[in-house]
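# Architecture and fold: a report
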Amino acid sequence: MKFGIVAGRFNAFIVDHLVTGAVDALTRAGAQAADITVYRCPGAFEIPQVARRVAATGVDAVVCVGCVIRGATPHFDYVAGEAARGIGELARTLDVPITFGVLTTLSIEQAIERAGTKAGNKGADAALAALEMVALFRAIGRRKGSQG
Ligand code: INI
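Residues numbered from 1 in each chain as written. Predicted model: local features only at pLDDT ≥ 70, side-chain atom pairs only at ≥ 80, totals over all residues. Heavy atoms only, no water.

Turning our eyes to something else, we now look at the site of the ligand. Neighbouring residues of the ligand: Phe-10, Asn-11, Pro-42, Gly-43, Ala-44, Phe-45, Glu-46, Cys-67, Val-68, Ile-69, His-75 and Val-79. Between the ligand and Asn-11, the relevant distance is 3.3 Å, taken from an oxygen atom to a side-chain nitrogen or oxygen of the residue. One of the backbone N or O atoms of Phe-45 is found 3.1 Å from an oxygen atom in the ligand. Because more than half of its atoms lie within 2 Å of the grid, the ligand is assigned to the largest pocket. When residues of the shell around the ligand are traced back to their parent elements, those giving at least two are strand 3 (61-69) and helix 3 (75-93). The element that contributes the greatest number of residues to the shell around the ligand is strand 3, accounting for three residues. (Near = heavy atom within 4 Å. Polar contact = N/O pair within 3.5 Å; in protein donor to acceptor, adjacent residues only side chain to side chain. 1 Å grid on protein atoms, 1.4 Å probe; cavity = no way out; pocket = protein on both sides within 12 Å on 5 of 7 lines; lining within 4 Å. Sits in = over half its atoms within 2 Å of the grid points. Helix = DSSP H or I, 4+ residues; strand = E, 2+ residues; numbered from the N terminus.)

Now the structure itself:
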């Protein structure tokens with residue numbers, strides 16, 4: 001199986017831990033490191049554009065990770081909203097599992113908690129969701145056209 005991980009570079013001190021969590025989860029489940037490619041883009045807003053291209057390379061799944069932290073202006077809502085909307089749109093329209101490991105938090109502390117400390121690692125969670133979706137798509141594919 002081949003996987004693409006698309007990571008926003010904005011808030012890299014958090015996102016790097018999400019990437020590590022995603023790679024660890026995939027390799028622990030049996031993926032080869034050589035079959036995992038990490039693509040970095042400027043920020044969460046760009047993730048859907050990159051994920052679409054990565055999906056077109058023939059990978060089995062795309063794991064999206066990023067971190068949007070609320071600031072003093074409405075900017076957060078636009079960036080987080082477009083990232084979620086864009087990734088969701090891809091997931092519903094492409095025939096490749098695309099999972100959502102983009103943190104949208106109110107504070108840096110909340111982000112740290114979700115990047116490998118007390119609230120787990122959302123990059124790892126998104127990678128595990130991708131593995132489950134690949135298996136599910138294969139199971140659905142096998143059933144397609146079968147008699148029972
Ligand atoms: N991108 C993020 O990934 N996280 C953020 O918290 C963030 N904030 O707060 O601005 C952010 N902005 C950059 C954005 O994703 C785009 O890269 C930029 O607007 C250029 O298109």
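Moving on, there is more to tell.
What follows is about the layout of surface pockets. Counted as a void, the largest pocket has a volume near 220 Å³. In this structure, the largest pocket is lined by 16 residues; those nearest its centre are Phe-10, Asn-11, Val-68, His-75 and Val-79. At the level of elements, strand 3 and helix 3 are the ones that each hand at least two residues to the lining of the largest pocket. Looking at the lining of the largest pocket residue by residue, the classes come out as eight nonpolar, seven polar and one charged. (Points joined across faces, edges and corners; volume = space filled by probe spheres on them. Nonpolar A, V, L, I, M, F, W, Y, C, P; charged D, E, K, R; others polar.)

Here we have four strands laid out as an open sheet, ordered 2-1-3-4, and parallel in their pairing. A strand with exactly one partner marks an edge of an open sheet, and here the two such strands are strand 2 (36-41) and strand 4 (98-105). Adjacent strand axes in the sheet meet at a mean angle of 15° when their direction is disregarded. The pairing of strand 1 (residues 3-8) with strand 2 spans six bridges and is classified as parallel. Among the inter-strand pairings, Phe-3 is bridged to a residue of strand 2, identified as Ile-36. Those strands touched by helix 1 (residues 12-28) are strand 1, strand 2, strand 3 and strand 4, and its axis lies near 155° from that of strand 3. (Pairing = 2+ DSSP bridges. Axes fitted to C-alpha atoms, helices over the stretch in contact; angles between N-to-C directions. Contact = heavy atoms within 4.5 Å.)

None of this, on its own, says anything about what the molecule does.
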